[in-house]
Amino acid sequence: MSCLTQYGPRLGTIPQKRSRNPPRRNGPSSGNDMTGSDNASRRYPRLRGLPLSIVAALLLATVVRPGVAAERPVSFVNDVMPVLTKAGCNMGVCHAKAGNGQNGFQLSLLGFEPREDFEHLVKEGRGRRLAASTPERSLLLLKASGQMPHGGGVRLAATSEGYAHLRNWIQQGAPYEPPGDPQLVSFEVQPKRGTIPRRGELQIKALAHYSDGSVRDVTSSALYETNDRAIADVTEGGLLKVLDITGNVAVMVRYQGNVAVCSASVPLGAPVENLPPAKNFVDELVFSNLKVLGIPPSAVCDDATFLRRVTLDIGGRLPTSEEAAAFLASTEADKRDKLIDTLLRSPDYADFFAGKWASLLKNRRDDDSDMVSNFAFHAWVRDSLLANKPYDQFVRELLAATGQVIGNPPVAWYKRVTEPKQQLEDVAQLFLGVRMQCAQCHHHPFERWSQDDYYSLAAFFTQVGRKPSAKRGEDLIFHKRGIAVAPNMKTGIKLKPAALGDKIPDIAADEDPRLKLADWMGSKDNQFFAKALVNRYWKHFFQRGLVEPEDDIRDTNPPTNPELLNALEKHFISSGFDLKDLVRTITRSNAYQLSATPNAHNVVDRQNYSRYYPRRLQAEVLLDAIDNITGTQTDFANLPKGTKAVALPDNSYNRGSPFLRVFGRPEGESVCECERVQSSSLAQSLHLINAAEIKGKLASPTGRAELLLKDNRPIEAKIRDLYLVAFSREPRPAELKSALEYLAEARVDADGKPVEATKSGQENLQDLIWALINTKEFLFNH
């Protein structure tokens, strides 16, 4: 069978674009005119629309040269696309750039749309990118090999295997797929998991399985990317090179739109002995991982550290001096467990976590008309947490909310998130841990989600209706009767609701699709819902999620401890989606109660929880802590006197508080936890050192410094109170000695004259409180 017979009909199966060539004049053609291809087109009608150079190549290819063996047919899908992807031609910064690609040449991102790429490469530009008669003169090869100016530089050496594939493909007439071309059915890497010593290496092997049963080694054609370059790096050929840091690392391997992951452990190899006792499955799985890695954990923290840590993490506040004294004096064996239960029953827990959820659910105030809805929504979130409403019920009430805010506060969410696209993206990221934004325009580069998956998820929200109510700025939310569909913006196909690869039974016109979505999310078989929540809460208590970022859970971003994540997920589901039970389980573990002080072996560990990772107090918590130690309070507009910063209902109070802005309280514009600023900055340091707000709190006539000055107790007792408030512990001997010496110092004014004793004592107490505020021990939870 000739090449023309083979490839002509196959090329004809590709949808033809209208020819951009100018019409030919009627009449006889000259001898050097290529109109002879018209006869070929009539003989092989499926060749119509192909560039003349390709048609000529196919005609020449029919001539069989004696003694010359036929070359292996080259497939655009199986051979050419991997070369273009490996060379980086279809990256977002190159020819897959949104809009029109690069310099008029458009490719799909990472080759997810090969048919479109074939059209762009072979048929656009009057076929000028390919020269079938002399393949080496093709623009595709000249530019890629650097023989012609190319903005992307040299992408393929003329001596490379990839260059040879492209040249042979052009020489064979640039077919899309030869007859009998097998389809890629699966992709794997070997090994899937391994253990590598520090400074060691591991060669990853990539294998492609095809529909004809063949298996190809595509190691050299695959793309490799490590998730933690501090632990290991990977070469273009798949050689994983480990550095000095121990832990777990994963390499994402991509080939022809498929991805696989190779996970590796890099052990330290130190002896792990004298582990703290395992109090629950959390300890068993954390300590088991540390044994495998050879990372000895730090010791369990002391009572004072635990008291301060867990009160900040659950209640969002510092323990009072009375609470600290009582807890330190208690000899009960289970006093830590009892403290956790007390905090979970307190309104402080509801206030603190309501602020967290209200921000993630975008409870922000854009104008004064939002006040009623914002207050009502925040109150609903707080009351749900205080009553320990099951998490699946909480989400169901939010998603399926109808009516008006006054009668049904979760309706307020639809005020902020108004469009189906917004709604699906927020729901997927916040409640499922899946970032779908990329799939709106193209196949997700790191996941299996396509545009059809994106718009099928959007279809759940297409029947949300709204109409103005009697109150300005508040809409009535209702379900519009009708069949829910969402058109794929690229193909125009109307898609019915489907949930991330799971089929949903047909939804009748009278049924609200959001209820079906809530049913699917709350199902015990759902692989996203519970996992996303437990990972988010794990990060809250450990500073780092088992999957990081916490809302980007995917196969190509594996957890550092998969067994632990699965166990937490199952426990949460079996508890009936009990949030308080989850918090209790985490905080009762000795893994949570480890000291933040590193030992000789775990100082660089940042992913295996061999110690507690300190973090700066959140903006609201820190402001309340400063109010607590200074004996003052911050007033907020339209709120009762004494309202704490952690209980603020929305973002509007950031405008009137430079402190909250400087220390990064979120504005409620994103469902990402990253909107909250937890890093330190020079502006924060200057604010604590010299801001008028801080000076005013220290010098308040009703503040702690003034009250301690009038207190007749010994000065040692006053210092003890300050340390209990600030650090939940007694001052150490050296600290007590330094404080006594400083408070006894006489002060002089600018002229060198002695300051009156009462004023001197007052200023010394203010300075001592100021110094405690500016310590890392105060500013950080540790």
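Everything that follows concerns the structure shown earlier in this document.
Note that the structure is a prediction, hence the values are computed from the model and not measured.

Draft legend 1. View of the overall build of the chain. A count of helical and extended segments in the chain gives 30 helices and 18 strands. Scored against the burial criterion, the 782 residues of the chain give a buried share of 53%. Considering only intrachain contacts with a sequence separation of at least 6, the fraction spanning at least 24 residues in the chain is 65%. Here the chain has roughly 34800 Å² of accessible surface; of this, 53% comes from carbon and sulfur atoms.

Draft legend 2. Spotlight on the sheet that holds strand β4 (residues 205–210). What the three strands build is an open sheet, ordered β1-β4-β5; its pairing is antiparallel. Each edge of the open sheet is held by one strand with a lone partner, namely β1 (184–190) and β5 (215–217). Taking each pair of neighbouring strands and ignoring which way they run, the sheet shows an average axis angle of 25°. Strand direction decides the pairing type here: β4 and β5, joined by three bridges, are antiparallel. Within the sheet, the bridge partner assigned to Leu-207 lies in β5 and is Asp-217.

Draft legend 3. Local environment of helix α22 (residues 619–630). When the terminal C-alpha atoms of α22 are compared, their 17 Å separation across 12 residues agrees well with the 16 Å that a helix rising 1.5 Å per residue should span. Buried residues dominate α22, accounting for 11 of its 12 residues. Listed as buried for α22 are Ala-619, Glu-620, Val-621, Leu-622, Leu-623, Asp-624, Ala-625, Ile-626, Asp-627, Ile-629 and Thr-630. One or two steps after α22, the chain reaches Gly-631, where phi turns positive at roughly 70°.

Draft legend 4. Region of interest: the nonpolar core. Residues Trp-357, Tyr-391, Phe-431, Met-521, Trp-538 and Phe-778 are the most contacted members of the largest nonpolar core, which totals 141 residues. Ranked by residue count, the leading element in this core is helix α19 (residues 529–542), at nine residues.

Draft legend 5. Examining empty space enclosed by the protein more closely. Inspection of the entire model under this criterion finds four cavities of 30 Å³ or more. Approximately 90 Å³ is the volume found for the largest cavity. Residue lining of the largest cavity: 16 residues in total, with Gly-355, Ser-359, Asp-650, Asn-651 and Arg-665 positioned closest to the centre. A total of three residues in the lining of the largest cavity trace back to one element, the largest contributor, which is helix α12 (residues 347–360).

Draft legend 6. Inspection of the state of the cysteines at higher detail. The tally for this structure, following the rule as stated, stands at one disulfide. Between the sulfur atoms of Cys-672 and its disulfide partner Cys-674 the distance amounts to 2.3 Å. Judged by the sign of its S-S torsion, about 135°, the bond between Cys-672 and Cys-674 is right-handed. Given the relative accessible area of 9%, Cys-672 is considered buried.

Draft legend 7. Broad picture of the packing of aromatic side chains. Evaluation of the coordinates by the stated rule reveals 33 aromatic pairs. Considering the side-chain rings of Phe-541 and Tyr-592, the 5.9 Å spacing of their centres and the 85° angle between planes classify their relative orientation as edge-to-face. Taken as a pair, Phe-541 in helix α19 and Tyr-592 in the loop between α21 (579–588) and β17 (615–616) lie far apart in primary sequence, 51 residues in all. Residue classification places Phe-541 among the buried positions, given a relative accessible area of 0%. By relative accessible area, which is 0% here, Tyr-592 ends up buried. An angle of 20° between the planes, with centres 4.4 Å apart, marks the rings of Phe-659 and Phe-663 as stacked.

Draft legend 8. Region of the structure containing the pairing of strand β11 (residues 464–468). Sheet analysis places β11 next to strand β12 (residues 475–479), joined by five bridges and oriented antiparallel. In the sheet register, Lys-467 faces β12, and the bridge partner there is Leu-476. What sits between β11 and β12 in their antiparallel hairpin is a turn of six residues, with Gly-473 showing a positive phi close to 85°.

Draft legend 9. Highlighting the environment of Gln-463. Residue placement: Gln-463 occurs in the loop between α17 (451–458) and β11. Residue Gln-463 is classed as buried on the basis of its relative accessible area of 13%. In the structure, Gln-463 is positioned 21 residues away from Ala-484 in sequence and 6.1 Å away in space, judged by C-alpha atoms. Look past the residues within four positions of Gln-463 in its chain and what remains in contact with it is Phe-478, His-479, Lys-480, Arg-481, Gly-482, Ile-483, Ala-484 and Pro-513.

Draft legend 10. Summary view of the environment of Asn-557. On the secondary structure map, Asn-557 appears in the loop between α19 and α20 (562–574). By relative accessible area, Asn-557 is classed as buried at 8%. Residues Asn-557 and Val-249 lie 308 residues apart in sequence; the distance between their C-alpha atoms is 9.8 Å. For Asn-557, the contacting residues outside a window of four places in its chain are Val-547, Glu-548, Pro-549 and Asp-552. Here the side chain of Asn-557 touches Glu-548 through a polar contact of 3.2 Å, landing on its backbone oxygen.

Draft legend 11. Highlighting the layout of surface pockets. As a volume, the largest pocket reaches approximately 870 Å³. Lys-86, Ser-220, Ser-221, Ala-222 and Leu-223 are the residues nearest the centre of the largest pocket, which is lined by 36 residues in total. Elements that contribute at least two residues to the lining of the largest pocket include exactly α4 (76–86), α7 (161–171), β5, β6 (223–226), β7 (232–234) and β9 (247–255). Counting residues per element, the lining of the largest pocket draws most heavily on α4, which supplies five residues. Residue composition of the lining of the largest pocket, grouped by class: 15 nonpolar, nine polar and 12 charged.

Draft legend 12. Structural view of the packing of α12 against α19. With their axes 14 Å apart at the nearest point, α12 and α19 run at an angle of 125° to one another. By the angle between their directions, the pair α12 and α19 is classed as oblique. Seen from above, α12 lies across α19 with right-handed handedness. Taking contact as the criterion, the partners of Phe-352, Phe-353, Lys-356, Trp-357 and Leu-360 in α12 are, on α19, Leu-533, Arg-536, Tyr-537, His-540 and Phe-541. Counted by class, the contact of α12 with α19 contains seven nonpolar, one polar and two charged residues.

Draft legend 13. Highlighting helix α8 (residues 281–293). With 13 residues, α8 should reach 18 Å at 1.5 Å per residue; the first-to-last C-alpha distance of 18 Å fits that figure. Among the residues of α8, those classed as buried are Val-282, Asp-283, Val-286, Phe-287, Asn-289, Leu-290 and Leu-293. Viewed end-on, α8 has its buried residues packed into an arc of 155°, placing them on one side of the element. Exposed residues pointing more than 90 degrees away from the buried face of α8 are listed as Lys-291 and Val-292. In this structure, the buried residues of α8 make contact with β9, β10 (258–266), α19, α20 and α21. You can read the cap of α8 off the contacts: a side-chain oxygen lies 3.1 Å from the backbone nitrogen of Val-282, and it is on Asn-280.

Conventions adopted
- Residues numbered from 1 in each chain as written.
- Predicted model: local features only at pLDDT ≥ 70, side-chain atom pairs only at ≥ 80, totals over all residues.
- Heavy atoms only, no water.
- Helix = DSSP H or I, 4+ residues; strand = E, 2+ residues; numbered from the N terminus.
- Buried < 20%, exposed > 50% of the residue type's maximum accessible area, 1.4 Å probe, protein only.
- Contact = heavy atoms within 4.5 Å.
- Areas by Shrake-Rupley, 256 points an atom, 1.4 Å probe, with all protein chains shown as cover.
- Pairing = 2+ DSSP bridges.
- Axes fitted to C-alpha atoms, helices over the stretch in contact; angles between N-to-C directions.
- Expected span 1.5 Å × (residues − 1).
- Core = buried A, V, L, I, M, F, W, Y, C linked by side-chain atoms within 4.5 Å.
- 1 Å grid on protein atoms, 1.4 Å probe; cavity = no way out; pocket = protein on both sides within 12 Å on 5 of 7 lines; lining within 4 Å.
- Points joined across faces, edges and corners; volume = space filled by probe spheres on them.
- Disulfide = S-S within 2.5 Å.
- Phe/Tyr/Trp six-rings, centres within 6.5 Å; stacked < 30°, edge-to-face > 60°.
- Polar contact = N/O pair within 3.5 Å; in protein donor to acceptor, adjacent residues only side chain to side chain.
- Nonpolar A, V, L, I, M, F, W, Y, C, P; charged D, E, K, R; others polar.
- Parallel < 35°, antiparallel > 145°, perpendicular 65-115°, else oblique.
- Left-handed = near helix turned anticlockwise from the far one by under 90°.
- Arc of directions from axis to C-beta.

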